[in-house]
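Summary of structural features
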Amino acid sequence: MKLVVNEAPALKSAMDAIVNLVDEGQFEITPEGLSLRAMDPSQISMVSFHMPKMSFVEYHVEDTMKIGLDMAQLSNVLSRGNRGEKAELSVEEGRLVVRFIMDKKKRTFKIPLLEIGEGVQREPKIEFKSFVKVNADALKEALKDAKLVSSHVRFVLGSDSFIVEVKGDSGDMKAEFEKGSPQIGELNVNSDAKATFPLQYLEDIVKASSGGSMVTLNLETDRPLRIEYEMEGAKVAYYLAPRIESE
Amino acid sequence: MKLVVNEAPALKSAMDAIVNLVDEGQFEITPEGLSLRAMDPSQISMVSFHMPKMSFVEYHVEDTMKIGLDMAQLSNVLSRGNRGEKAELSVEEGRLVVRFIMDKKKRTFKIPLLEIGEGVQREPKIEFKSFVKVNADALKEALKDAKLVSSHVRFVLGSDSFIVEVKGDSGDMKAEFEKGSPQIGELNVNSDAKATFPLQYLEDIVKASSGGSMVTLNLETDRPLRIEYEMEGAKVAYYLAPRIESE
Amino acid sequence: MKLVVNEAPALKSAMDAIVNLVDEGQFEITPEGLSLRAMDPSQISMVSFHMPKMSFVEYHVEDTMKIGLDMAQLSNVLSRGNRGEKAELSVEEGRLVVRFIMDKKKRTFKIPLLEIGEGVQREPKIEFKSFVKVNADALKEALKDAKLVSSHVRFVLGSDSFIVEVKGDSGDMKAEFEKGSPQIGELNVNSDAKATFPLQYLEDIVKASSGGSMVTLNLETDRPLRIEYEMEGAKVAYYLAPRIESE
């Protein structure tokens, strides 16, 4: 197996989508692409990551293989890649080999593989009837706003607006995005929905999304949230359990 | 009551002049403007803040009202305002409402009001005979210089120069600004004056002044110092008690 | 004695080459220049610093003198110098006087002198047969790479390449610079050499080198390493003891 991306930092950015949430994970590498599905250690959220063959400049995989990795270690190594360097992944003697190459300069890291159980088999089956596409930066800002006030935040989807709000001991906060505002790409609501989620998880989930891009939130009242976005040729979807409130 | 500034960060900058020194304070809002007078918690310094009606783009105040606020909370909320957003202040149901508005995006924070006693009634009456206008950055730099050596600093006003100096265990430091130097806007000395002040308070006091602006120091030997400056349409004056030295 | 440099920050940069490694040191100031030779507190490394007369815009020294200084104190004071300011060194009443001057603004620091024993008399005599000139930034990056994996690093000089490598508990790392690569200025190897050194010392040693400059590594198998570079008109050489491995 040999996988190459043209710009090392792109691989780091894509992998951050996993690293921010998961400690250890098992990649499945098939002739079609690189995938990973894992729960966070507290089992509150799940990430489903896929980077297709075509996002690599070279992609040689004959048989499907599974490799378990410590995500922090992988991230630390990938963060050493610079602009202008290719990043090459292969497996040698039970270790992942990460090679950064630029002309006559070559840096090689070898990371031990981990034995990881089968893990998550499939994604939750939820029929989502409503979603909003929101600018990643605007969403991150609204989460920061909410953090001033509480450790949880409520998302409310209506036919005319997407609202991020929270009531806390030190005050209330409400961010309102009307349909048609530049921060909202698309607002498709078949039935109004609202649910409350832990802020820290939301922050970790959206952290890897890039500034100008759009993040899709699929929301049903008091059901798990599904968040999707793409970056650097990879697609990632997250599920996050709601906090059921007794109102 | 409804007060609006055109650029949210300007309101934050103006309020920083209070926040850096005071934990809790009571604003007085009259048809003429927004004012606050408060001592720092240790009663060593006092701030007198005024932001006139004309510094707002909208200003609707019919009756004078007083609102007590936790300054850190106010500052945290104001810091969430971005360039290009208006900031709107109003009071609803016993809470201060801070609203950031840009097109179809609206963010609202509600901060509980505090019961605060009457506080400081008036400013100390000192007849100052000498003052210097000094560049804010140059003054901040001189305070940083002094911090290397001690926790107190002496200001000396003479007819030809303004001196910031300190003698400490780990060495001495002296910054000398001659009359006519670009850092000195005006030097008006009717009688030489010198006094020593706690560095940390001076740093907190000048922190909110903007780089290129001028800060006025009114100095009398071993009397409280009066420091004044303006930023974002607000005027602020501070009084700081001297340390009486037995030399 | 009076020594003046035209740009204060340059003196700070030059002195950093000492400060990063040594706590206290004794400068020898002769009519030819300013020198210092000292061991780090743990006696694992040695620095030999020389800043010749011609690197100063004014240099008045009649008799050789020795002045002992606390290096952190000297560094803190020098860091207060700004672009556009001259820095002037003199000695008054048993203290080093550092003066920063720009037009009509003058800042003066006085630092107590220390009594320091004779210290290191001479540099180790090692006949080095091989060296490599490597880009300072590329070397710093390779050390950072190594730090992910271990607290020691091995340098390997061959006729065709310079290698920085390390085997650690959490993986391996290898940075390879081939002869002719832009990061290598010169590679002169009369006999292959390799030795292992403590990373933290190497980082402290190269820290003061400026980005685009070249650092010379003189390497013999399992002998002390000699590292040399120049910055801001000063020359500095370091010796660092190897870790003898039982392989």
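Every value quoted in this text rests on a predicted model; they were computed, and no experiment measured them. Each chain has its residues counted from 1, running along the sequence as written. Going through the entries in the order they are written, you letter the chains from A and number the ligands from 1. With pLDDT at 70 or above as the cut-off, local features in this predicted model cover only qualifying residues; side-chain atom pairs require 80 or more to be listed or tallied, and sums for whole chains, interfaces and linings still use all residues.

So, about the interface of chain A and chain C. Any pair of residues counts as being in contact when their C-beta atoms, constructed from backbone geometry, are within 7 Å of one another. Counting residues at the interface gives 14 residues for chain A, matched by 14 residues for chain C. Elements with a minimum of two residues in the side of chain A that touches chain C: helix H2 (71–78) and strand S9 (105–112) of chain A. Considering only residue class, the side of chain A that touches chain C consists of four nonpolar, three polar and seven charged. DSSP-based pairing: two strands are paired if at least 2 bridges between them are found. Only DSSP runs of H or I with at least four residues qualify as helices, and only runs of E with at least two residues qualify as strands; both kinds are numbered from the N terminus onward. Sheet analysis places S9(A) next to strand S13 (residues 171–178) of chain C, joined by six bridges and oriented antiparallel. Looking across to S13(C), one finds that Arg107(A) is bridged to Ala175(C). Throughout this entry, Asp, Glu, Lys and Arg are counted as charged residues, while Ala, Val, Leu, Ile, Met, Phe, Trp, Tyr, Cys and Pro are counted as nonpolar. The remaining residues, Gly among them, count as polar.

The subject of this paragraph is the relation of the copies chain A and chain B. Copies overlap after least-squares fitting; the atoms used are the C-alpha atoms of residues with pLDDT of at least 70 in both. The transformation that overlays chain A on chain B combines an axial shift of 0.0 Å with a rotation of 120°, and the residual RMSD is 0.0 Å. A rotation of that kind, with that shift, is consistent with a three-fold axis. For chain A, the residue whose C-alpha comes nearest the rotation axis is Gly211(A), separated from it by 17 Å.

Attention now goes to H2(A). Listed in full, the buried residues belonging to H2(A) are Gln73(A), Leu74(A), Val77(A) and Leu78(A). For H2(A), the arc enclosing every buried residue in end-on projection is 130°, short of the 170-degree limit, so these residues lie on one face. Contacts made by the buried residues of H2(A) are with helix H1 (8–19), strand S6 (65–70), strand S8 (95–102) and S9 of chain A together with S13 of chain C. We call a residue exposed when 12 or fewer other C-beta atoms sit within 10 Å of its C-beta, buried when the count reaches 20 or more, and partly exposed for counts in between; the C-beta positions come from the backbone. As used here, the arc belongs to the directions running from the helix axis to the C-beta atoms.

Another aspect to go through is the sheet that holds strand S15 (residues 193–198) of chain A. Spatial ordering of the open sheet is given by S15(A)-S11(A)-S12(A)-S13(A)-S9(B)-S8(B)-S7(B)-S1(B)-S5(B), a layout of nine strands whose pairing is antiparallel. Only two strands of the sheet have a single neighbouring strand rather than two, namely S15 of chain A together with strand S5 (58–60) of chain B. Averaged over neighbouring strand pairs, the angle between their axes works out to 15° when direction is ignored. An axis is simply a line fitted to the C-alpha atoms; with a helix, the fit covers only the stretch in contact. Between two such axes, the angle follows the N-to-C directions and lies from 0 to 180 degrees. Sheet strands in contact with helix H3 (residues 136–147) of chain A are strand S11 (152–157), strand S12 (161–168) and strand S13 (171–178) of chain A together with strand S9 (105–112) of chain B, and its direction is about 165° off that of S13(A).

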